[in-house]
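Each chain, letter by letter, is given below.
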Amino acid sequence: MGNKNQLKRLQQQRAGLLRRMIKSTDSRLKPADRSKTESKKKRDPDEPKLVERPQGSSAMFFQYNTQLGPPYHVLIDTNFVNFSIKNKLDIIKTMMDCLYAKCIPYITDCVVAELEKLGQKYKLALRIIKDPRFERLHCMHRGTYADDCLVQRVTQHKCYIVATNDKDLKRRIRKIPGVPIMNVAVNRYVIERMPDAFEPLTKK
């Protein structure tokens, strides 16, 4: 019985509060206040909606990425190195054969850490990426998940081509405009989404 009485009392209090609320038609409201309450309720259907969009890169000018061009900067993923070894491909030489220009391969700390975690089986891959011709990029973030690191880098700096055979990473990079993808095909490298401005350089 006590619970029911408490519920009734609460309902009566709420009803009293609702009755006390000032309506927009109340004579005590000033015209300025009335217009505010009405504008909240009624919005003009023709009024344009404000949508926040991420700022586009200044490199994306004239519909292609102006930061891309020889010598090409190629960010290498873990599985790209492993696929290259399986197909017996020299990474730098095959990149140059694919793009017909000088290529600088880049390795992040995350990729090195991933290969070190994989153990003795990938000792050859580690030896290849520690070649002095490979540029090392130092990571400032925590953790060793290379995919997030590569996506973050190409979002900030549009000067890279991403070399990977990872389907999930490719799907994520395709959403970023102006970033080409290089992957290992049978005995060669294939470039995907290269800008039209550099198309003659990539055609075989």
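Description of the structure in this document. Predicted model, so just to flag it, every value in this text is computed and none were measured.

Conventions adopted
Residues numbered from 1 in each chain as written. Predicted model: local features only at pLDDT ≥ 70, side-chain atom pairs only at ≥ 80, totals over all residues. Heavy atoms only, no water. Salt bridge = Lys/Arg side-chain N within 4 Å of Asp/Glu carboxyl O. Helix = DSSP H or I, 4+ residues; strand = E, 2+ residues; numbered from the N terminus. Phe/Tyr/Trp six-rings, centres within 6.5 Å; stacked < 30°, edge-to-face > 60°. Buried < 20%, exposed > 50% of the residue type's maximum accessible area, 1.4 Å probe, protein only. Core = buried A, V, L, I, M, F, W, Y, C linked by side-chain atoms within 4.5 Å.

### Details of the pattern of salt bridges
Considering all chains together, one arrives at 7 salt bridges under this definition. A salt bridge links aspartate 131 to arginine 133, with the nearest nitrogen and oxygen atoms 3.3 Å apart. Note that arginine 174 is salt-bridged to glutamate 192, the shortest N-O span being 2.7 Å. Linking arginine 174 in helix 8 (residues 167–174) with glutamate 192 in strand 8 (residues 188–192), this pair joins segments that are 18 residues apart in sequence.

### Considering the packing of aromatic side chains
In this structure the tally under the stated criterion is 2 aromatic pairs. Between phenylalanine 80 and tyrosine 189, the aromatic rings sit 4.8 Å apart at their centres with planes inclined by 50 degrees, giving tilted as the arrangement. Of this pair, phenylalanine 80 sits in helix 3 (residues 78–86) while tyrosine 189 sits in strand 8, and the two are 109 residues apart along the sequence. As far as burial versus exposure is concerned, phenylalanine 80 and tyrosine 189 are alike and both buried.

### Notes on the nonpolar core
Side chains of nonpolar character tend, in soluble globular proteins, to be buried together. Counting residues in hydrophobic clusters, the biggest one holds 32 residues, and the most contacted among them are Ile76, Phe80, Met95, Met182 and Tyr189. Here the element with the most residues in this core is helix 4 (residues 91–99); it accounts for 5 residues. Counting residues in hydrophobic clusters, the runner-up holds 14 residues, among them Ile104, Tyr106, Val162 and Ile181.

Distances and angles like these do not, on their own, reveal function.
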